[in-house]
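Structural overview for review
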Amino acid sequence: MSTLLEIKSSVLRQVQVCPSFRRRTEEETASSSAAAQEPVAGAWKPGDGVEFFAQMRLILKKGESRQGLPCPEVLLRSSSPAPAEPVDPSRGLRALTQEEVEMLYEEALYTVLYRAGTMGPDQVDDQEALLSYLQQVFGTSPEEHAEAVERVKNAKAPTYALKVSVMRAKNLLAKDPNGFSDPYCMLGILPASGTLREPGPHREQRFSFRKSSKRGGPLPAKCIQVTEVKSSTLNPVWKEHFLFEIEDVSTDQLHLDIWDHDDDVSLVEACRKLNEVIGLKGMSRYFKQIVKSARANGTAGPTEDHTDDFLGCLNIPIREVPVAGEDRWFKLEPRSSASRVQGDCQLVLKLITTQRDTSMSQRGRSGFLSYLLLLSRLLQFEHRAEEPNSSSWRGELSGPAATVLCLHGAQSNLSALQLAVLHWQVSSRHHQTRTLDYGYLLGLLEDMQAHWEEAASLPQEQEEGLADSFSAFSEFGLQLLRQLRDYFPATNSTAVYRLELLLKCLGKLQLFQPSFEICPFETELNMDIAAALKRGNREWFDKLLNAQSPREQLGPQRLVGLVKLADTIYEDLQSCYGIYASLFHSIIKIDFFTLTFRQLERLVAEEAWVLTEELSPKMTLEVASGLFELYLTLADIQHFWSSIPGRDSRSLALAGIHAPFLPAVKLWLQVLRDQAKWRLQGAVDVDTLDPTDASSKHSSSAATASLCFSHIQELWARLAWPDPAQAQGLGIQLSQDLCEAALFYTELLRKKVDTQPGAAGEAVSEPLCIVLNNVELLRKAAGQALRGLAWPEGAAGLEGVLPRPLLSCTQALDEDLQREARTVTAHLTSKMVGDIRKYVQHISLSPDSIQNDEAVAPLLKYLDEKLALLNTSLVKENLSRVLEALWELLLQAILQALGANRDVSADFYGRFHFTLEALVSFFHAEGQGLPLESLRDGSYKRLEEELRLHQCSTRECIEQYYLDKLKQRSLEHNRFGRLSVRCHYEAAEQRLAVEVLHAADLLPLDANGLSDPFVIVELGPPHVFPLVRSQRTQVKNRTLHPVYDELFYFSVPAEACRRRGACVLFTVMDHDWLSTNDFAGEAALALGSIGGVTRPQVGGSARAGQPVTLHLRRPRAQVRSALRMLEGRTNKEAQEFVKRLKELEKYMEADP
């Protein structure tokens, strides 16, 4: 194995730009060994190669997580509760004085004790339960509670009124000839004193404004109201509103008639005039007077009969009106069993109070303010029962609380819009003192928006209160957005959902902005949000900077913190893009990502510029490592921006940031080179040259080397140096270092395997197989790593094409490693040489009585066994190398056997020919082994030729010698010159005419730079022309372009000229007077191609035929193979032929 150490690199022979890695390693061993063992102060120690690459792997892993744009599914990793938001009791509604609390308590008790109407299914109908609940809310003692209840009971009962909105009717009867009606409504209150008697047993009858009433008391005119007439419709729409005072809510009823109007008199006007009439007795008389008065003002004559048609009526007891009011379709009823009616009427009913005997009412406190204070009190009490830190309460009130609020809102005649405004004001203020669910607040805003579009505007005082609540909530929301990362972390799905709801709430506030006469916002709300986000970004950055890299620290200490800061900023930008950006853009139309990226990128760039200027004069290995990691993160930030469609990184503050980092990167790559060698040294030291596992065929050190090279490639990809010229310098240096490390590893392997004890008689060495596999794995890994080190070459570079220096390095290293693999392969197969020779000798010594296949069988069996072992131990590429090496060994062994056996029978050579074909079939293995083209090339052709020649007679060998001369072609046509001749056969005289015309560009063989050439003309083979002597031209002195024009005749039969190998041979010699003539060149011309040999020449002219230019050459190896066959033969003919050729060779010894 010591010969393996003598391998030299061929890289210098390939390119000058890439020096020989192996030679450089050998030359620098002595000079750099001390430096390698004692690196610069502050560097990693040699034994820390593992630690260095582990740190590098962490850097690469950090980069892997930054590939591509982030997606929310990856960022949202937690569904735990969101962080608690800040609360401030002072941001709620102002605290009430004790007197105000007592007044509010009285108001609540008054609402419950003097309730009117029907309770709904979801409301609490138990008065005592409601009173007990209020006692708990206000925290009064039983005595105080009883006293307050008694005081309220003794107060004056409120005045009730019924709000009636006649909305529309549908599907009424058609009373007019045109198929329609002209409907209108008359409605009023039937007081308790006018209650109808029970109808008689034989006749069902309902009250009607048109029929005579049996009521005895007077009916005031204000109890009757009438709607407008809607002409020609069966589905009238009125939307008219009326208010009726109620004397007794328990007995009074609302009565409504719908009539078809049949004259042109305005009943509304008639009603209005008759409102001045007093003292009328009975409902019928009152209505008749209305009709008469109306007709008196009409165009009809007094004698005409004008009767309005009845369309239906409604009777609704006041006590049955729900306390919360109702919006309902009522089915029209007939006034008697004989009436025919159909259709429905939609009414909106609400029972309210107009006068209340409470302290708050007496002091002019509106129902709106009373409801606000009561709602705030109840909300605080209800929320107190929830978990202290809960932020998911959605304002769900208990049954008693909802009932009390419903009663008070209805009695105070608060509209749906006012109720929505009140709930928003109280809840939004309460949220700032104790967190509520933003979904609940958003629902309140949506409810308020829906009613805002339907209702008229609020009174100014109420609108001012709403504006104040908007301002307070927006200020609170902006405070949260300033601390966005604290209260709404991007990794917490619960917090992100709360942020979404908060933004939707703020977005709703923007929708109300144009609706206010008193605008709650000084500027556009989204401008305030953007300003808050910018301020929050700066505060967050300053906080991180002071915690991780304060400016008071020294530069190296600050560097560590700045790396962490840059990593944190990158992660934050990922969160901004993947989580926050879509929320802000879709909800409030703010480009949060661009805003944040521009701000944070500029801030971190400023810190990086300052720190690099400070550290550049103090560059150490630790500083270089820190700056290298910092640069990678800054570059990732740039790439992150560039990876977003439509973004250009040239306008960033980080553009050009790579320049101050260049010295640190260069120094770090030097450290990488040394650490890689130490890592490989340590891996080989612990390598046992055993497979790492059952599925692999290489050892642990090869896996480590492959991983190291892969990490180097990944690191270069992450570095992505933007300056093409600087990137080329870094790439060339890194590629050379990688090649050097690869060759360093192969040297370590060779030394390792030299120390391995080999098993005696072991033909296949397992450690050598492992080493061979390691080299192949290294070759692939290093090649892939080198191809991954491509750098940008500017506009002139081609996409997908390696730069020329890198391509040269890659090719040179591949050649070195291929050579290394061939050397190990040769050492592996050298252990089989003795056995192969033994089996080949067995074939040569086998008697003729043994069949060829039996003679070859031991050799094939031996090869099959060894190749089976090699197949299990080697990878496919190495198995092919071993097969090629074994094939060459076998061919050489057979050639040696043939050379050692002379004058043997033809069967001997036939057996080896059989052996050769059997081995071709064995190594080809039906396409699974070596290709036939490679098997039948090189030494195979020589062996096959020798076997064929050994089977030929002496004369056949001589003929083959001349055939080889005819097949020979001059590879360099102008080196030895040219000779022009003209030949033809004269059949009548049975002679061959050969005319030597001239020569050109002959070799200068004399001292004067010229030659004295002459030409020898002879026919061959000799046994074909035994009586023909050679002839020669005259000597042409001192010329390289002689002109001869000499004609020679050879008397030979045409049949001899057509024999195998028959030719005319021209030998050009340089005539010397005092020494042996010099050989200048030769050329041969096949006689079969001469005119007249195959068929008679027409005309018989001695000068017939065209001149032929022959290129002179020297005999080559394939010509001399036949000569070697003849040298081994002892018959006279062979010896004489060889002797003659030997004499010619003497003239060739002095050839240039």
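You'll find the structure just up there.
Residues numbered from 1 in each chain as written. Predicted model: local features only at pLDDT ≥ 70, side-chain atom pairs only at ≥ 80, totals over all residues. Heavy atoms only, no water.

This next bit is on unusual backbone geometry. At the junction of Gly-1020 and Pro-1021, the peptide bond is cis and its omega measures out at 0° in the coordinates. The residue Pro-1021 is located in the loop between β11 (1013-1020) and β12 (1031-1032) in this model. Even without glycine at this site, Lys-239 takes up a positive phi of about 55°. By secondary structure assignment, the location of Lys-239 is in strand β4 (residues 237-246). The backbone phi angle of Arg-1038 is positive, close to 45°, even though this residue is not glycine. Classification of Arg-1038 by relative accessible area gives exposed; the value is 61%. (Helix = DSSP H or I, 4+ residues; strand = E, 2+ residues; numbered from the N terminus. Buried < 20%, exposed > 50% of the residue type's maximum accessible area, 1.4 Å probe, protein only.)

Quick look at the pairing of β4 now. Side chains Trp-238, Glu-240, Phe-242, Phe-244 and Ile-246 of β4 all project onto a buried face; the interleaved residues Val-237, Lys-239, His-241, Leu-243 and Glu-245 project onto a face where none is buried. Where strand β1 (residues 159-170) and β4 come together, 8 bridges link them in antiparallel fashion. Bridging across to β4, Val-164 finds its partner in Phe-242. (Pairing = 2+ DSSP bridges.)

Let us now look at the nonpolar core. In this structure, Met-448 and Phe-584 are the most contacted members of the largest nonpolar core, which totals 256 residues. Among the elements that make up this core, the one with the highest residue count is helix α19 (residues 555-588) (15 residues). Contacts of Phe-584, omitting those with residues within four sequence positions, involve Leu-481, Leu-484, Leu-499, Leu-503, Ile-529, Leu-533, Lys-589, Ile-590 and Phe-592. (Core = buried A, V, L, I, M, F, W, Y, C linked by side-chain atoms within 4.5 Å. Contact = heavy atoms within 4.5 Å.)

Two orientations exist for strands paired in a sheet by backbone hydrogen bonds: parallel and antiparallel. A sheet is described by the order of its strands in space; here 4 strands give the open sequence β12-β11-β14-β15, paired in antiparallel fashion. Each edge of the open sheet is held by one strand with a lone partner, namely β12 and β15 (1078-1086). Relative to β15, strand β14 (residues 1063-1070) is paired through 8 bridges, and the arrangement is antiparallel. In the sheet register, Val-1068 faces β15, and the bridge partner there is Gly-1081. Of the strands in this sheet, β11, β14 and β15 are in contact with helix α33 (residues 954-967), which crosses β15 at around 95°. (Axes fitted to C-alpha atoms, helices over the stretch in contact; angles between N-to-C directions.)

Ordered by their spatial adjacency, 4 strands build an open sheet running β13-β10-β9-β16, and the pairing between neighbours is antiparallel. What marks the edges here is a single partner per strand, and that holds for β13 (1043-1051) and β16 (1108-1111). For this sheet, the mean inter-axis angle between neighbouring strands, taken without regard to orientation, is 30°. Pairing of strand β9 (residues 978-986) with β16, which is carried by 4 bridges, proceeds in the antiparallel orientation. Within the sheet, the bridge partner assigned to Ser-980 lies in β16 and is Thr-1109.

Turning our attention to the packing of helix α18 (residues 525-548) against α19. When two helices pack together, their arrangement is captured by the angle between the axes and the distance separating the axes. Between α18 and α19, the shortest axis-to-axis distance is 10 Å and the interhelical angle comes to 160°. Between α18 and α19, the angle is such that the two are roughly antiparallel. Taken as a pair, α18 and α19 cross one another with a handedness that is right-handed. Of the residues in α19, those touching α18 at Asn-526, Ile-529, Leu-533, Trp-540, Phe-541, Leu-544, Leu-545 and Gln-548 are Arg-558, Gly-561, Lys-564, Leu-565, Thr-568, Ile-569, Asp-572, Phe-584 and Ile-588. (Parallel < 35°, antiparallel > 145°, perpendicular 65-115°, else oblique. Left-handed = near helix turned anticlockwise from the far one by under 90°.)

Turning to the packing of aromatic side chains, a few remarks are in order. Overall, the coordinates contain 25 aromatic pairs when judged by the stated rule. Site record: aromatic cluster; members linked through ring pairs are Tyr-570, Tyr-577, Phe-593, Phe-597, Phe-640 and Trp-641. Above the ring of Phe-310, the side-chain terminus of Arg-335 is found at 4.7 Å from the ring centroid. (Phe/Tyr/Trp six-rings, centres within 6.5 Å; stacked < 30°, edge-to-face > 60°. Lys NZ or Arg CZ within 6 Å of the ring centre and 35° of its normal.)

Note on placement: Arg-91 falls in the loop between α4 (72-75) and α5 (98-113). Distance in space between the C-alpha atoms of Arg-91 and Ser-428 is 9.9 Å, their sequence separation being 337 residues. One polar contact links Arg-91 to Gln-432, side chain to side chain, over a distance of 2.6 Å. (Polar contact = N/O pair within 3.5 Å; in protein donor to acceptor, adjacent residues only side chain to side chain.)

Our next topic: the environment of Ser-457. Examined against the element boundaries, Ser-457 turns out to sit in the loop between α14 (438-454) and α15 (460-482). Placed 39 residues apart in sequence, Ser-457 and Gln-418 show a C-alpha to C-alpha distance of 10.0 Å.

With that settled, consider the pattern of salt bridges. Evaluation of the coordinates by the stated rule reveals 32 salt bridges. In this structure, Glu-917 and Arg-936 form a salt bridge, with 3.6 Å as the shortest nitrogen-oxygen distance. You can see Glu-917 sitting in helix α30 (residues 906-924) and its partner Arg-936 sitting in the loop between α31 (932-935) and α32 (939-950), a full 19 residues away along the chain. On the accessibility criterion, Glu-917 (27% relative accessible area) is partly exposed. Linking Arg-991 and Glu-986 is a salt bridge whose minimum nitrogen-to-oxygen distance equals 2.5 Å. Residue class for Arg-991 comes out partly exposed when judged on its relative accessible area of 24%. Three or more residues joined by partner-sharing salt bridges are found here, namely Glu-776, Arg-779, Asp-814 and Arg-881. (Salt bridge = Lys/Arg side-chain N within 4 Å of Asp/Glu carboxyl O.)

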